[in-house]
Amino acid sequence: MKTKMLMAASTLLAMSYSASSVAETNNAEYLSDWWHQSANVVGSYHTRFGPQLNNDVYLEYEAFAHKDWFDFYGYIDVPKVFGAGNGNDTGAWDDGSPFFMEIEPRFSIDKLTNSDLSFGPFKEWYFANNYIYDMGDNKANRQNTWYMGLGTDIDTHSKVSLSANIYAKYQWENYGAANEDSWDGYRFKIKYFVPLTALWGGNLNYIGFTNFDFGSELRDKAGDARTNNSIASSHILSLGYDHWHYSVVARYFHNGGQWADGTELDFGKGPFTVKSTGWGYYLVVGYNF
């Protein structure tokens, strides 16, 4: 089993700074009036996407958009770009992954078919995608995953924004794991955005998103060190201004990266116990342009 695992992952989601704040300002201040983007510096502590705890400081480009039939969120990370991290952390300058990307494009079925498919609380329906690519420094250290399925926006009859997506997963490279080049499981993703209050001249918001991964056959193929399910649930307090935003993130992992918590492994440097269940944390400072 390879020791190189996912080094970086999204700390935010669309509206990680106040989208309403952006909309109410003069769009001439930004490069685009619909493609909202930022550059972030992210510090992560005890993330659990691999079998060992990981700390990192990295650079992130982030973007979101909603225009006509097109809905988008995505980010690009450059792991360990500042040379800071723990012993498990590698990145751009030390034979680790130079590039990590996650994008979530959704295409409105309602608008593309000129139909109103809404019913009950479900306002609009989408062909939803979640694509993840970790470039790695070779094939064994690479991830290439495509989730595809159906998404919807949900009317909460309040200021709370809520959306949900259900996907099937096709797994290409996966750091050499036994489920490569196969359809392997499903993901349910839920996102929510709660405006809280004006604070210190900005807007304080609570943002959350949770990924429920289930129905995989990885444990059946690879043994008890892996699992067929996992959960990653992020909880974000974000203070947003016209250009600057600051976020504190707590993320709960259950069997992070589909590693079985409590399993003892040895990758050639001595035995260790997998700690894939528990909390990880992030601090984010970003500039919207």
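Right above here is the structure, for reference.
Here is a short report on the structure shown in this document.

Rules used in this analysis
- Residues numbered from 1 in each chain as written.
- Predicted model: local features only at pLDDT ≥ 70, side-chain atom pairs only at ≥ 80, totals over all residues.
- Heavy atoms only, no water.
- Salt bridge = Lys/Arg side-chain N within 4 Å of Asp/Glu carboxyl O.
- Core = buried A, V, L, I, M, F, W, Y, C linked by side-chain atoms within 4.5 Å.
- Buried < 20%, exposed > 50% of the residue type's maximum accessible area, 1.4 Å probe, protein only.
- Helix = DSSP H or I, 4+ residues; strand = E, 2+ residues; numbered from the N terminus.
- Contact = heavy atoms within 4.5 Å.
- 1 Å grid on protein atoms, 1.4 Å probe; cavity = no way out; pocket = protein on both sides within 12 Å on 5 of 7 lines; lining within 4 Å.
- Points joined across faces, edges and corners; volume = space filled by probe spheres on them.
- Nonpolar A, V, L, I, M, F, W, Y, C, P; charged D, E, K, R; others polar.

**Quick word on the pattern of salt bridges**
Then comes step 1: A complete count under the given rule lists nine salt bridges for this structure.
Then comes step 2: By sharing partners, the salt bridges in this structure join Asp71, Arg106 and Asp153 into a single network.

**Focus on the nonpolar core**
The nonpolar side chains of soluble globular proteins are, as a tendency, buried together.
Then comes step 1: The biggest cluster of nonpolar side chains holds twelve residues, and these are Val42, Phe49, Tyr58, Phe193, Ile207, Phe209, Ala232, Ile236, Val249, Phe253, Tyr282 and Val284.
Then comes step 2: Listed by contribution, the elements that provide at least two residues to this core are strand 10 (202-214), strand 11 (230-240), strand 12 (244-254) and strand 15 (278-288).
Then comes step 3: Counting residues in hydrophobic clusters, the runner-up holds eight residues, among them Tyr75, Ala128, Tyr147 and Tyr167.

**Overview of the side chain of Ser182**
Then comes step 1: Topologically, Ser182 is positioned in strand 9 (residues 182-199).
Then comes step 2: Under the relative-accessibility criterion, Ser182 is labelled buried at 13%.
Then comes step 3: When residues no more than four places from it in sequence are discounted, the contact partners of Ser182 are Lys169, Tyr170, Gln171 and Lys221.

**A short note on empty space enclosed by the protein**
Then comes step 1: This structure, assessed with the given rule, holds two cavities of 30 Å³ or more.
Then comes step 2: Here the second largest cavity is characterised by a volume of approximately 30 Å³.
Then comes step 3: Tyr147, Lys169, Asp184, Gly185, Tyr186, Asp213, Phe214, Ser216, Asn228 and Gln258 are the residues that line the second largest cavity.
Then comes step 4: Among the secondary structure elements, those contributing two or more residues to the lining of the second largest cavity are strand 9 and strand 10.
Then comes step 5: Per-element accounting of the lining of the second largest cavity gives the leading share, three residues, to strand 9.
Then comes step 6: A class-by-class count of the residues in the lining of the second largest cavity yields three nonpolar, four polar and three charged.

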